[in-house]
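Observations on chain architecture
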Amino acid sequence: MYNWTIEQRITKELRDLIVSGDLEPGVRVRYRDLAEQFGVSVTPVRAAVRELAHEGLIDAHPNAANYVSPLSLDEVEQLYLTRMGFEPWLARLGAPRLSSPSLRLMEQKLKRSRTAAEQRDSDGLMDVAWKMRVVCYEAADRGSLLQKAAELYDRSRRYTHLTLRDAYRHDESKAVAIAFYGACLEHDGDRAADTIREALEATFSHLLSIISPSRDGRVPTSV
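The present account deals with the structure reproduced in this document. (Residues numbered from 1 in each chain as written. Predicted model: local features only at pLDDT ≥ 70, side-chain atom pairs only at ≥ 80, totals over all residues. Heavy atoms only, no water.)

A closer look at helix H1 (residues 6–20)
In this model, H1 (15 residues) spans 21 Å end to end at C-alpha, consistent with the 21 Å of a helix rising 1.5 Å per residue. When H1 is considered as a whole, its buried residues turn out to be Ile-10, Thr-11, Leu-14, Arg-15, Leu-17, Ile-18, Val-19 and Ser-20. Where H1 is buried, its residues touch helix H2 (31–38), helix H3 (42–55), strand S2 (58–59), strand S3 (66–68) and helix H7 (143–163). Downstream of H1 by a residue or two, Gly-21 has a phi angle that is positive, lying close to 90°. (Helix = DSSP H or I, 4+ residues; strand = E, 2+ residues; numbered from the N terminus. Expected span 1.5 Å × (residues − 1). Buried < 20%, exposed > 50% of the residue type's maximum accessible area, 1.4 Å probe, protein only. Contact = heavy atoms within 4.5 Å.)

Structure (structure tokens):
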């Protein structure tokens, strides 16, 4: 992103490390170590940690150690059940309103998502698949709902990344993108909504099958 501040850049890079699993749940977040890793002073790292604590990715406590937040079954339920409400509604409203330029843009992103899926590029697949959906969601003209949906998507990325450790999930994601584009091409809001809902339900079910929470609802870091 052009003209990002140092704080924004460090926040993104630290977020990506957490979402990808390079910084695992429960790992201690040390300001000086990260500052050295990113080649910056401690100040932007502190700002990044505060932002990611607000997003729920870091457990931060004043005058105490900070840690990458544990995976949580409660969080999975909250994120995906809420997304199942927002995103199908945006798809239902957006698909009938898509313009020809928007559909061409979706087609371009579909091609990129297929390539990413075939190359087993989890990060690339997640990024372009979401951007393709956003083209449709923007057509719904529900700015506040789209903003909330985007926030929920960002928070759920590390869980989605977890499901993509199974290679066949890349093929499933590619199939969803193709089906969603097909529904949008026909301006079929109901089918677009059903495609998104079913995809989110499948991801949610997959997460439930691989997460083994302890008594307190937290997920082991070895997942």
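Considering the sheet that holds S2
Pairing is antiparallel across the open sheet formed by three strands, whose spatial order is S1-S3-S2. Each edge of the open sheet carries a strand with a single partner, namely strand S1 (28–29) and S2. Bridge count for S2 against S3 is two bridges, and the pairing is antiparallel. Note that in S3 the partner of Asp-59 across the bridge is Tyr-67. (Pairing = 2+ DSSP bridges.)

Note that every value here comes from positions in space, so none of it alone points to a role or purpose.
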